[in-house]
Amino acid sequence: MLLISGFDVSVSRLCNQNTAEMAFYNKLGSLVRHSFSQNGKPPMSSMLNSIRCMSSSKLFIGGLSFGTDDQSLKDAFSSFGDVVDARVILDRDTGRSRGFGFVSFTSSESANSAMSAMDGQELHGRNIRVSYANERPSAPRSFNNYGGNQGFEGNRY
């Protein structure tokens, strides 16, 4: 029985890996087709970004209930693999959830299986969206328009 169980796990991992590879090649193919139809050249930055995302182990989780906290987010995703970090993003002024968070796994395979299984599923009464997390832009962000355009439209209050 253990041998059969181990076989089932191996087949499951192989299927998840094949699913991930198929998703990667589909995404890459659609990017190349779209680029050639636009300007006749492949978009290298978009393709490289897709490759980076497909091998990522960090997921973006959107549509979270305001009642979801770090621990309940980790608990919801821990059945897919070892969760390194689970964080619900909070509003700095009110301390309430902003409705999204991030979950990091030890492997990209775990992240892929979690994304496939959890995207569109209900968590604490809300259907969540799960996708690969994108890197934050490297440009400095301005808050409340300090350091930005101080002209007529600078402060709308």
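The structure we're discussing is the one just above.
Here the structure is a predicted model, which means the values were calculated and not measured. (Residues numbered from 1 in each chain as written. Predicted model: local features only at pLDDT ≥ 70, side-chain atom pairs only at ≥ 80, totals over all residues. Heavy atoms only, no water.)

A. Expanded view of the side chain of Thr 68. Structurally, Thr 68 is set in the loop between strand S1 (58-62) and helix H3 (70-77). Engagement of the side chain of Thr 68 in a polar contact is seen with the side chain of His 124, the distance being 2.8 Å. Not counting residues within four places of it along the chain, the set of residues in contact with Thr 68 comprises Leu 73, Val 88 and His 124. (Helix = DSSP H or I, 4+ residues; strand = E, 2+ residues; numbered from the N terminus. Polar contact = N/O pair within 3.5 Å; in protein donor to acceptor, adjacent residues only side chain to side chain. Contact = heavy atoms within 4.5 Å.)

B. Expanded view of a positive patch on the surface. A contiguous patch of positive charge, built from Lys 58, Arg 92, Arg 98 and Arg 136, is present on the exposed surface. Relative to the helices and strands, Arg 92 resides in the loop between strand S2 (83-90) and strand S3 (97-105). (Patch = residues over 30% accessible without salt bridge, like charges linked within 9 Å, V, L, I, M, F, W, Y side chains within 5 Å. Areas by Shrake-Rupley, 256 points an atom, 1.4 Å probe, with all protein chains shown as cover. Salt bridge = Lys/Arg side-chain N within 4 Å of Asp/Glu carboxyl O. Lys, Arg positive; Asp, Glu negative; His and termini not counted. Charge placed at Lys NZ, Arg CZ, Asp CG, Glu CD.)

C. Structural view of the sheet that holds S3. With respect to topology, 4 strands assemble into an open sheet ordered S2-S3-S1-S6, the strand pairing being antiparallel. Pairing within the sheet leaves two strands with one partner each, and these edge strands are S2 and strand S6 (129-132). Going from strand to strand, the sheet's axes swing by 20 degrees on average, the running direction of each strand aside. Pairing geometry for S1 and S3, over 5 bridges, is antiparallel. Paired with Gly 62 across the strands is Phe 100, a residue of S3. (Pairing = 2+ DSSP bridges. Axes fitted to C-alpha atoms, helices over the stretch in contact; angles between N-to-C directions.)

D. Up close: the environment of Ser 107. Topologically, Ser 107 is positioned in the loop between S3 and helix H4 (108-118). A sequence separation of 25 residues divides Ser 107 from Asp 82, and the C-alpha atoms of the two residues are 8.0 Å apart.

E. Main features of the pattern of salt bridges. Taken as a whole and judged by the stated rule, the model has 1 salt bridge. We note a salt bridge from Asp 85 to Arg 87, for which the minimum N-O separation is 3.6 Å. With relative accessibility at 44%, the residue Arg 87 sits in the partly exposed group. (Buried < 20%, exposed > 50% of the residue type's maximum accessible area, 1.4 Å probe, protein only.)

F. Up close: the nonpolar core. Core analysis: the largest hydrophobic core is formed by 19 residues, its most contacted members being Leu 59, Ile 61, Leu 73 and Phe 77. With 4 residues, the top contributor of residues to this core is H4. If we ignore the near neighbours within four places in the chain, the residues touching Leu 73 are Ile 61, Leu 64, Thr 68, Ala 86, Arg 87, Val 88, Phe 102, Val 103 and Leu 123. (Core = buried A, V, L, I, M, F, W, Y, C linked by side-chain atoms within 4.5 Å.)

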